[in-house]
Amino acid sequence: MKRWVALPLVMLVLVAGWWLWPSPPGSPDASGQTQSVTRFLSGEEAAEGYARITGPEALEFPRDHGAHPGYRHEWWYITGQLETAQGRHFGYQITFFRFNLDPDAPERTSDWGTNQVWMAHLGLTDTDGGRFHHRERFSRGGDIGLAGAAVDPFRVWLDDWRLDGAAGPDIMPLRLQAADDGLALDLHLDALKPLVLQGEAGYSQKGPDPGNASRYFSYTRLATDGELILDGERFRVSGLSWMDREWGSSVLSEGQTGWNWFSLQLDDQTEIMYYILRLDDGAIAPRSKGLFVAADGSSQVLQTQDVELEETRHWDSPLGDARYPVAWRLRIPSRDLQLEIEAVLDDQELRTGFRYWEGAVRIRGARDGEPVAGGGYAELTGYAE
Amino acid sequence: MLRASLRYLLRHPWQLALSLLGVALGVAVVVAVDLANQSAGQAFNLSAQSLTGRTTHQVLGGPQGIPESWYVELRTRHGVRQAAPVIEGEARLAGQPGRSLRLLGVDPLAEGQFRESFGGLAGEQPLIRLMSQPDQLALLDADLAELGLAPGDRIRLELAGREHDLNVAAALRPERELDARGLRDVAVMDIGAAQELLGRAGWLDRVDLMLESEAQVEQLRGLLPADAQLLEAEARNAALQQMTRAFQLNLTAFSLLALMVGAFLIFNTMTFSVVQRRQLLGLLRAVGVTRGQIFGLVIFEALLIGLLGTLAGIALGLAISHVLLDLVGRTINDLYFMLSISELALSPWSLAKGLLLGVGMTLVAALSPALEATGTPPRAALSRAVLEQGVRARLPWLAGAGLILVSLGVGLLALVGGLVPAFAGLFLMILGWALVVPLAMCWLVRLLAPLLGRLAGLPGRMAARGVEAGLSRTSIAAAALMVAVSAVVGVGTMVDSFRATFSQWLDATLRADVYVSVPGNGALLPEAVEALIETDGVAYWSTARYGRVGSGEQRHRLRVFHLPATAEDAFRFRSGDPEAAWSAFRDGDAVFVTEPFAYHQQLQVGDTLLLATPEGERPFQVAAVVYDYSTSEGAVMMSRETYDRLWDDPIVNSVGLYGPPGTDADALVQRLRQRTGDMQPLRYRSNLELRRLSLQVFDQTFTITQVLRMLAMLVAVVGVLSALMALALERAREYAVMRATGFTPGQIQGLIVGQNALVGGIAGLLALPLGLALSAALILVINQRSFGWTMQVQVSAEVLLQAGALALLAAVLAGLYPAWRMSRTSPALALREDAA
């Protein structure tokens with residue numbers, strides 16, 4: 001899940017602009033900031049001072065459900081498909097991001113002094129209402145307790161957005177509470193399958209250098225039910241969610257323009273994660289890959305050559321300068337699987353400082369000649385600007 | 001006709017120049033004071049706007065502030081997100097003693113839309129550095145440029161007595177020009193760094209909020225810690241600014257005094273010019289010029305002088321306003337709050353006010369001479385004697401009116417509350433007494449004539465008669481001089497009285513041999529306190545804790561004292577029974593309040609005062625009102641025992657150490673220093689030193705009053721010069737006749753100087769009762785109402801003698817030039833000139 005790395009860091013610098021207002025164009029600080037971001041993201045030398053992930057390592061729970069502050073970035077990421085009893089469909093996304101901004105930060109006596117910054121995104125797709133809502137929050141981490149992650153019992157929070165779980169190695173079930181300005185989620189999530197390790201036993205290599213990697217595991221099928229409030233209207237909902245956990249210190253390589261990432265949950269009790277990294281020349285980077293999770297919870301890595309992905313429809317952002325794919329045909333010949341993937345709503349673009357598209361998709365297709373269906377999420381970056 | 005008028009003015013350049021100067025000085029003082037006041041107000045508003053931003057409400061805590069955990073709960077448990085924590089402090093630029101920075105510790109990520117004034121940040125990853133490193137700050141671009149610094153440079157700041165080498169992480173670049181001015185001398189830091197540098201870990205000074213609805217306000221109110229307040233940001237700013245109102249009003253009144261003296265000058269000049277041209281005016285009437293035209297002519301002349309003088313005055317006022325601005329800023333910083341006034345607010349309204357006042361005063365002053373001019377009958381060449389007789393006939397009426405005005409003024413001062421009526425009363429008193437001057441002078445001269453005759457023979461008698469004979473002019477000059485001298489006496493006596501009272505109070509209050517505190521009024525470490533009180537030669541000790549405590553919508557200064565019984569007499573009671581008061585203070589929930597506090601809050605012994613404590617709002621009985629001259633805002637005093645029962649706050653801000661009788665304070669300081677070592681940077685002040693420093697601040701505060709006093713004096717001297725010189729010049733013909741009849745030049749000189757000395761002396765004499773009355777009004781009424789302080793009236797012979805000498809000197813100086821000129825001119829020429 002390389003997809004997020006650039007996004008939050010850029011967002012973070014934009015938050016500087018948000019608090020500290022945009023500087024006049026052409027002033028030295030504007031370029032200074034951009035440069036420093038580029039450097040910050042450009043992999044190797046900027047990752048100096050941070051803890052590194054260099055190979056497979058045994059994960060330990062509940063410790064690894066908590067934060068790993070020595071690494072540059074980390075996230076707790078949940079997406080899901082929800083439906084009311086009457087069949088009204090919603091997609092939702094909540095992500096808690098943690099960043100270490102300064103590996104050389106000294107010990108501090110004030111609880112406010114910290115190198116940890118947190119960001120959270122909340123997105124809600126009102127499929128039938130044809131509207132997409134999103135919210136964003138920032139806070140510092142550290143001992144002050146405004147945002148953080150802890151175990152025994154498990155919890156991740158930023159202000160009053162919170163994800164709480166059980167004590168002990170198994171954090172399930174989870175409760176997610178997030179409310180903001182006309183929008184509220186209160187959901188219970190329970191794992192239908194155990195967590196799966198992505199890549200090589202959780203070691204997800206992103207570039208040729210072995211240190212260019214992250215630790216990555218997922219809960220691909222979480223039974224979900226609870227309540228959501230939209231514009232004062234209260235809905236009882238249930239459905240399926242997906243949770244990703246990932247941390248690391250360096251990811252990007254040169255020459256990438258963006259990525260397309262999918263999490264797909266099928267009604268035959270299987271799930272697929274797949275991402276492609278798009279290069280400047282339109283080609284797909286060789287490190288693109290995915291994971292297939294079988295009904296019994298066993299999983300297999302998908303390589304680029306295993307998967308055919310074809311864009312079948314596009315949508316133009318109302319801002320006019322970005323054209324996103326919003327429908328795809330995905331084929332995995334080795335598994336005799338063909339899926340038609342389509343956004344539940346074309347406009348699920350987050351038009352914040354850093355623009356990207358993140359939205360719920362619906363799936364129709366066939367495996368071994370039998371029809372399959374399902375839902376999922378797609379994320380598309382690097383189309384605007 | 002206008003040309004005749006111009007020619008007349010130009011033919012008397014001295015007279016013209018001096019009246020111009022008089023108006024100019026008067027207007028200059030008014031404009032300068034107004035500009036200084038406006039600038040202070042604008043600086044406050046700009047800084048308040050920039051630093052308050054969109055904040056609608058603020059949560060303020062008790063003496064310690066607000067626990068940071070309350071803020072965290074507010075966000076994480078109650079979902080209140082439009083909230084921003086703030087730590088405030090003061091930092092001094094190392095190596096630049098006069099310059100302070102206002103330190104603002106904020107959480108950049110919580111700031112959100114609160115203060116857009118902070119604008120763009122220039123620097124290398126400023127946000128990241130601010131938050132993660134303990135030594136980073138951001139400063140306004142313009143301030144950095146002035147200091148010769150850029151992002152990435154180091155800056156040495158003194159905080160709480162310790163010097164720190166900090167890094168300029170960023171330059172603040174506000175979008176709006178107004179913010180660029182409002183943020184002058186503000187250093188923005190991350191809240192964590194600010195807590196560490198100011199020793200405030202765990203606490204916040206306030207939480208800023210943006211609340212949009214009454215429901216949100218109510219929600220917040222329900223969540224407040226027991227000793228915290230939720231205040232509207234605007235109301236709080238207004239209350240802060242209100243504190244300086246009395247001070248600024250006083251300045252304005254003093255400046256109007258200067259203008260009033262200036263108006264006397266105009267009156268003098270115009271009357272004189274009318275009197276001198278009676279023949280010409282009579283001639284004009286004879287050839288058919290109407291009364292209205294004559295009136296217009298005189299008014300036109302006055303307008304011309306008023307306009308020119310006012311314009312010059314505005315220019316001069318702009319020039320001296322910089323000096324005044326500096327003084328006003330220093331006083332506000334010493335007495336009220338930190339304010340950086342870096343620029344003059346050139347409000348067109350200030351200038352227009354100066355123009356209106358200057359020209360308006362001139363016209364009003366010229367009204368009576370203009371009316372008199374219209375009274376000139378055609379062809380009349382009334383002899384001076386007839387004219388003077390007319391004037392003399394009016395004297396009793398004038399004096400009667402004057403006495404009525406004086407009693408009206410006294411009535412206003414004594415019977416009507418408020419500051420503005422008090423000042424109006426003051427001005428009525430001055431005006432009224434000035435009207436009494438001619439009659440008083442007439443009597444005095446008659447009284448003195450025989451005496452002078454015996455002392456100086458014929459010239460002595462002639463001088464006395466000359467004064468009486470020229471009463472229409474001499475009396476005006478004397479009145480102008482009298483007004484100025486009385487102002488000098490009044491203000492001088494007021495300052496002297498205040499200083500004497502303050503100094504006596506210091507003697508009574510400063511009982512410990514050595515006082516120890518942390519620079520910047522931080523907290524003393526508990527181990528430091530222990531070391532101090534255990535030092536050899538310390539017999540008793542006292543502690544003090546300073547802070548603020550909420551009470552309804554207000555925030556009062558709170559002083560918490562632990563006092564040894566022997567130090568009890570450091571408090572002097574204005575009211576309250578000492579024995580009962582002390583026992584209630586120590587054992588019951590009773591407090592003392594200072595005199596200004598009792599005045600502002602209208603409290604008396606036995607009343608109750610509600611204070612917000614950690615156990616909620618509680619009533620405290622006022623056991624005594626004590627004298628205190630340290631703050632005009634006033635303060636509540638509480639015993640440490642009472643405080644500790646209610647607050648969980650061990651902090652001590654200052655310790656007083658008492659040795660046995662005959663303790664050598666310097667030696668004790670030596671031992672204390674050794675004992676505390678490097679625990680904490682501490683400030684040791686011996687009793688004497690603290691006293692000296694306090695008086696120094698006092699004197700600094702009154703510098704501005706002294707400056708205004710000098711300016712009023714200057715206006716007066718100019719006025720007297722102008723009036724008496726004109727008088728002497730007018731008599732050129734008389735003197736020429738005297739020369740022709742055998743008087744020597746020396747005798748003429750003596751006569752002129754003697755006459756002027758007589759006028760000066762009489763003016764000085766008449767100024768004394770008014771001056772003393774003014775000082776009484778200032779001390780007993782105006783200061784009381786402005787600041788709430790009782791002072792003992794202290795009349796020093798020095799001030800009185802100084803004033804008398806000033807009057808004499810000014811008058812004599814005014815005689816020197818005409819005397820010199822008279823003695824040099826040949827009588828024949830003078831006779832011819834006058835006839836021409």
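Residues numbered from 1 in each chain as written. Chains lettered and ligands numbered in written order. Predicted model: local features only at pLDDT ≥ 70, side-chain atom pairs only at ≥ 80, totals over all residues.

1. Quick look at the overall build of chain A
Here is step 1: Summing up its helical and strand segments, chain A has two helices and 23 strands in all.
Here is step 2: The burial tally for chain A puts 48% of its 385 residues in the buried class.
Here is step 3: At a minimum sequence separation of 6, the contacts of chain A that also span at least 24 residues come to 57%. (Helix = DSSP H or I, 4+ residues; strand = E, 2+ residues; numbered from the N terminus. Buried ≥ 20, exposed ≤ 12 C-beta atoms within 10 Å, placed from the backbone. Contact = placed C-beta atoms within 7 Å.)

2. Comments concerning the overall build of chain B
Here is step 1: The helix and strand inventory of chain B stands at 27 helices and 22 strands.
Here is step 2: In terms of overall dimensions, chain B has a C-alpha envelope of 100 × 60 × 50 Å along the principal axes.
Here is step 3: Expressed as a percentage of the 836 residues in chain B, the buried residues total 51%.
Here is step 4: Sequence-distant contacts in chain B: of pairs separated by 6 or more residues, those separated by 24 or more amount to 85%.

3. A few points about the domain arrangement of chain B
The accessible area lost on association of the parts is a frequent measure of interface size.
Residues and elements named next belong to chain B.
Here is step 1: Each assigned domain of chain B is listed here: domain 1 (1-53 + 249-377), domain 2 (66-204), domain 3 (437-510 + 698-836) and domain 4 (519-681).
Here is step 2: Between the C-alpha centres of domain 2 and domain 4 there is a distance of 32 Å.
Here is step 3: In this complex, domain 2 contributes seven residues to the contact, which on the side of domain 4 involves five residues. (Domains from an automatic or database assignment.)

4. Some points on the packing of helix α16 (residues 419-469) of chain B against helix α25 (residues 745-787) of chain B
Residues and elements named next belong to chain B.
Here is step 1: α25 packs onto α16 with a crossing angle of 155° between their chain directions and a minimal axis gap of 8 Å. Here α16 lies roughly antiparallel to α25, going by the angle between them. Of the two possible hands of crossing, α16 and α25 adopt the one that is right-handed.
Here is step 2: Across the contact of α16 with α25, the residue classes tally to 28 nonpolar, eight polar and one charged. (Axes fitted to C-alpha atoms, helices over the stretch in contact; angles between N-to-C directions. Parallel < 35°, antiparallel > 145°, perpendicular 65-115°, else oblique. Left-handed = near helix turned anticlockwise from the far one by under 90°. Nonpolar A, V, L, I, M, F, W, Y, C, P; charged D, E, K, R; others polar.)

5. Description of the nonpolar core
Residues and elements named next belong to chain B.
Here is step 1: With 160 residues, the main nonpolar core has Ala187, Val188 and Leu657 as its most contacted residues.
Here is step 2: Counting only domains with at least three residues in this core, you end up with domain 2 (66-204) and domain 4 (519-681).
Here is step 3: Of all hydrophobic cores here, the second largest spans 152 residues; its members include Leu18, Leu20, Val753 and Phe787. (Core = buried A, V, L, I, M, F, W, Y, C linked by C-beta atoms within 7 Å.)

6. Concerning the environment of Glu218(B)
Here is step 1: Counting through the fold element by element, Glu218(B) comes out in helix α9 (residues 214-223).
Here is step 2: Between the C-alpha atom of Glu218(B) and that of Leu230(B), which follows or precedes it by 12 residues, the distance is 10.0 Å.

7. A word on the pairing of strand β3 (residues 83-93) of chain B
All names here are of chain B.
Here is step 1: Pairing geometry for β3 and strand β11 (residues 206-209), over four bridges, is antiparallel. Its bridge partner lying in β11, Pro85 is registered against Val207.
Here is step 2: Note that β3 and strand β4 (residues 100-106) share seven bridges and pair antiparallel. Its bridge partner being in β4, Ala91 is matched across the sheet by Leu101. (Pairing = 2+ DSSP bridges.)

8. Focus: the pairing of strand β22 (residues 355-367) of chain A
On a regular strand, each side chain points to the face opposite its neighbour's, so the side chains alternate between the two faces of the sheet.
All names here are of chain A.
Here is step 1: With seven bridges joining them, strand β20 (residues 337-343) and β22 adopt antiparallel strand pairing. Bridging from a neighbouring strand, Ile341 pairs with Ile363 of β22.
Here is step 2: By the bridge criterion, three bridges tie strand β21 (residues 349-351) to β22 in an arrangement that is antiparallel. Counterpart to Leu350 in the pairing with β22 is Tyr356.

9. Observations regarding the confidence of the model for chain A
Residue and element names in this part refer to chain A.
Here is step 1: Averaged over every residue, the pLDDT of chain A is 84; residues scoring 70 or more account for 85%.
Here is step 2: At the low end of the mean pLDDT range in chain A sits helix α2 (residues 28-41), at 33; at the high end sits strand β6 (residues 155-158), at 97.
Here is step 3: Per-residue pLDDT stays below 50 along residues 1-45; that stretch engages in 87 contacts with residues further than four places along the chain or on separate chains. (pLDDT = per-residue confidence, 0-100.)

10. Details of unusual backbone geometry
Residues and elements named next belong to chain A.
Here is step 1: A cis amide bond links Phe61 with the next residue in sequence, Pro62, at an omega value of 10°.
Here is step 2: Topologically, Pro62 is positioned in the loop between α2 and β1 (73-83).
Here is step 3: A cis amide bond links Asp152 to the next residue, Pro153, at an omega of -10°.
Here is step 4: As for its placement among the helices and strands, Pro153 is situated in the loop between β5 (147-150) and β6.
Here is step 5: Of note in this structure, Asp181 is not a glycine but carries a positive phi near 45°.
Here is step 6: Here Asp181 shows up in the loop between β8 (174-179) and β9 (183-191).

11. Some remarks on helix α19 (residues 578-587) of chain B
Residue and element names in this part refer to chain B.
Here is step 1: Ala581, Trp582, Ala584 and Phe585 are the residues of α19 that are buried. For α19, the angular spread of the buried residues around the axis is 165°, confining them to a single face. Turned more than 90 degrees off the buried face of α19, the exposed positions are Glu579 and Asp587.
Here is step 2: Tucked into the core, α19 has its buried residues touching β16 (573-575), β17 (590-594), β19 (616-626) and β20 (635-639). (Arc of directions from axis to C-beta.)

12. Concerning the confidence of the model for chain B
All names here are of chain B.
Here is step 1: Scored by pLDDT, chain B comes out at a mean of 83, with 94% of its residues at no less than 70.
Here is step 2: Within chain B, the element-level pLDDT minimum falls on helix α27 (residues 827-835), averaging 57, and the maximum on helix α3 (residues 68-76), averaging 95.
Here is step 3: The ipTM value of the predicted complex is 0.89, and its pTM value is 0.81.

13. Side note on helix α12 (residues 278-286) of chain B
The α-helix winds at 3.6 residues per turn, so residues separated by three or four positions along the chain end up facing the same way.
Residue and element names in this part refer to chain B.
Here is step 1: Taken residue by residue, α12 has Leu281, Leu284 and Arg285 as its buried positions. Projection of α12 onto a plane perpendicular to its axis shows the buried side chains occupying an angular sector of 100°, all on one side.
Here is step 2: Those residues of α12 hidden inside the fold are in contact with α13 (291-335) and α14 (348-374).
Here is step 3: Looking at the residues trailing α12, positive phi occurs at Gly288, about 105°.

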